[in-house]
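# Observations on the three-dimensional arrangement
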Amino acid sequence: NAGVTQTPKFQVLKTGQSMTLQCAQDMNHNSMYWYRQDPGMGLRLIYYSASEGTTDKGEVPNGYNVSRLNKREFSLRLESAAPSQTSVYFCASSGQGTDTQYFGPGTRLTVL
Amino acid sequence: GESVGLHLPTLSVQEGDNSIINCAYSNSASDYFIWYKQESGKGPQFIIDIRSNMDKRQGQRVTVLLNKTVKHLSLQIAATQPGDSAVYFCAGLGSGTYKYIFGTGTRLKVLA
């Protein structure tokens, strides 16, 4: 049971490049989330998916898109990366009947 | 870790002493709270949770206290160990929502 996994762990992009961050969970959780973590700030919700087939915007969705590919996988796409998107990105999941969120190890993204 | 920021409040405690980390929340509708531990370069790790119908919950070496009157949470760590060195932050969830509000965190340093 690996919990929540994320790939890649590190990524450097140039402004305007695109990329997809991958997230998978093996806990049979319904809900999945993408957050970003910036210095001096709490985690901020980008997008979340309450269940397979649904996605909703969080606090800071601009510049991002998501896909809930199936119950296990939830990807985050940057279509045209900007330096303001330099951050650490965390994926999380929570199960039906419980509010506890479990986090992945994070992806450290730098946009030059 | 370095991704959380350079300007977090810091609590330094002697190894073996008890630690108390505090968190204030503003949303009176929050009815579920979690404490997370985040080590350098890693994702947040669940420590303990508490629902608003409780005022205290104990785990292994950790206790969470909730004071709804003043909207305050605290995390107490007994017999603090070097492995407890990390950033600790609280998160609150409003009833019927998927959106957590995260604190910025406190850095705990354990002195040998």
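The structure this text deals with has already been given above.
Residues numbered from 1 in each chain as written. Chains lettered and ligands numbered in written order. Predicted model: local features only at pLDDT ≥ 70, side-chain atom pairs only at ≥ 80, totals over all residues. Heavy atoms only, no water.

### Structural notes on the pattern of salt bridges
Inclusion rule: One side-chain nitrogen of Lys or Arg within 4 Å of one carboxyl oxygen of Asp or Glu is enough to make a salt bridge. Under the scheme applied here, a residue whose accessible area is under 20% of the maximum for its type counts as buried, over 50% as exposed, and between as partly exposed, the area being computed with a 1.4 Å probe on protein chains only.
Under the definition given, this model contains six salt bridges over all chains. The residue Asp 38 of chain A makes a salt bridge to Arg 36 of chain A at a minimum N-O spacing of 2.9 Å. The residues Asp 38 of chain A and Arg 36 of chain A share a single accessibility class, namely buried. The partner of Lys 42 of chain B in a salt bridge is Glu 39 of chain B, with the nearest N and O atoms 3.9 Å apart. For Glu 39 of chain B, a relative accessible area of 26% translates into the label partly exposed. A cluster of three or more residues bridged by salt bridges with shared partners is formed by Arg 36, Asp 38 and Arg 44 of chain A.

### Quick notes on the sheet that holds strand β8 (residues 74–78) of chain A
All names here are of chain A. The test is simple: By the convention used here, strands pair only if DSSP detects at least 2 bridges between them. Going along the chain from the N terminus, every DSSP run of H or I of four or more residues is numbered as a helix, and every run of E of two or more is numbered as a strand. Fitting a line to C-alpha atoms yields each axis, with helices limited to the stretch in contact; the angle taken between N-to-C directions then spans 0 to 180 degrees.
The four strands lie next to each other as β1-β3-β8-β7, forming an open sheet whose pairing is antiparallel. The sheet terminates laterally at β1 (4–7) and β7 (64–68), the two strands that pair on one side only. Sheet twist, expressed as the mean angle between neighbouring strand axes with direction ignored, is 20°.

### Remarks on unusual backbone geometry
Cis geometry is adopted by the peptide bond preceding Pro 8 of chain A, which originates at Thr 7 of chain A and carries an omega value of -5°. One non-glycine residue, Arg 61 of chain B, adopts positive backbone phi at about 65°. Counting through the fold element by element, Arg 61 of chain B comes out in the loop between β5 (56–58) and β6 (62–67). The phi angle at Ala 79 of chain B is positive, at roughly 50°, despite the residue not being glycine. Looking at the secondary structure, you find Ala 79 of chain B in the loop between β7 (72–77) and β8 (86–94).

### With respect to the pairing of β8 of chain A
All names here are of chain A. Within β8, four of the five residues are buried, which leaves the element mostly enclosed by the surrounding structure. Two elements, strand β3 (residues 19–25) and β8, share three bridges in a ladder whose sense is antiparallel. Residue pairing in the sheet places Thr 20 in a bridge with Arg 77 of β8. With five bridges joining them, β7 and β8 adopt antiparallel strand pairing. Looking across to β8, one finds that Arg 68 is bridged to Phe 74. Between β7 and β8, which follow one another and run antiparallel, lie five residues.

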